[in-house]
Every structure is written in structure tokens, then in C-alpha cells.
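Architecture and fold: a report
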Amino acid sequence: MSNRSKLKVGDKIRLLNVPPEDLEQRKREIAEGIENPGWTANTIELIIAQDPIVVIDFIDEYDSPWYVSNILVEGKKESHTIAVLEDDSWEKVKK
């Protein structure tokens with residue numbers, strides 16, 4: 001398992017898959033009939049498909065690393081800020 005506490009601003013990581021928590025959330029939201037279910041999982045799938053290597057932009061007050069990714073959605077540019085979880089959904093890119 002990758003250790004997010006070792007990540008620093010400027011480090012590059014490769015997103016490998018959608019975190020299990022986000023996949024479970026999407027299942028629950030679909031079952032509950034929530035509008036736009038699985039927004040986070042859907043967004044991460046688009047990031048992986050378009051450019052899976054992201055750069056750590058900041059570390060928050062809880063020591064969680066975050067990245068900003070710009071993707072195209074239906075021909076329009078969108079910017080998304082997402083926290084890195086402590087799981088196997090990513091790996092650090094070696095320099």
C-alpha cells in the first residue's frame with residue numbers, strides 16, 4: 001500500500017484505479033436514486049483516462065495531500081481538486 005504521509009508538494013503520482021470507497025459510494029447513490037450518482041468516482045475515471053499522472057499541489061491542515069486535475073468533459077475544461085487516500089489506487093512516480 002502506498003503511504004500518502006510521505007508525499008510532498010511537487011511529487012508526481014500515477015492514479016491506477018478509483019478508490020474502493022468511491023466505488024461503494026457510487027453504488028449507494030445509484031441505489032438511492034441520487035442525482036448525478038458517483039460524481040467522485042466518475043471524475044477519477046475521467047482523470048485516469050485522460051492523464052493519470054498528477055502533481056501534489058498542497059497538503060492540508062490534516063496532512064492530507066491534494067492534487068488539481070484539469071480534464072475535458074463534453075468538450076469543456078473542468079478543474080477538480082481531489083485528496084489522495086491511503087490505499088492502493090495510486091503509486092508515486094519515480095523521478
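Residues numbered from 1 in each chain as written. Predicted model: local features only at pLDDT ≥ 70, side-chain atom pairs only at ≥ 80, totals over all residues. Heavy atoms only, no water.

1. Concerning the pairing of strand S2 (residues 53-59)
A regular strand places its side chains on the two faces of the sheet in alternate fashion. Summarising the sheet, strand S1 (residues 12-15) and S2 pair through three bridges and their orientation is antiparallel. Of the residues in S2, the one forming a bridge with Lys12 is Val55. Alignment of S2 against strand S3 (residues 65-73), held across three bridges, turns out to be antiparallel. Looking at S3, one finds that Ile59 is bridged to Pro65. Counting the residues that bridge the hairpin from S2 to S3 gives five residues, and of these Asp63 lies at a positive phi of roughly 65 degrees. (Pairing = 2+ DSSP bridges. Helix = DSSP H or I, 4+ residues; strand = E, 2+ residues; numbered from the N terminus.)

2. Here's the deal with the pattern of salt bridges
All chains considered together, the criterion is met by four salt bridges. We note a salt bridge from Lys92 to Asp11, for which the minimum N-O separation is 3.5 Å. You can see Lys92 sitting in strand S5 (residues 90-92) and its partner Asp11 sitting in the segment before S1, a full 81 residues away along the chain. With relative accessibility at 9%, the residue Asp11 sits in the buried group. For Lys27, the salt bridge goes to Glu24, with nearest N and O atoms at 3.7 Å. (Salt bridge = Lys/Arg side-chain N within 4 Å of Asp/Glu carboxyl O. Buried < 20%, exposed > 50% of the residue type's maximum accessible area, 1.4 Å probe, protein only.)

3. Comments concerning the nonpolar core
Of all hydrophobic cores here, the largest spans 14 residues; its most connected members are Ile13, Leu15, Ile47, Tyr67 and Val84. Counting only elements with at least two residues in this core, the list comes to S1, helix H2 (39-50), S2 and S3. In terms of residue count, the dominant contributor to this core is H2 (three residues). Setting aside anything within four residues of it in sequence, one finds Val84 in contact with Arg4, Leu7, Ile13, Ile56, Pro65, Tyr67 and Trp90. (Core = buried A, V, L, I, M, F, W, Y, C linked by side-chain atoms within 4.5 Å. Contact = heavy atoms within 4.5 Å.)

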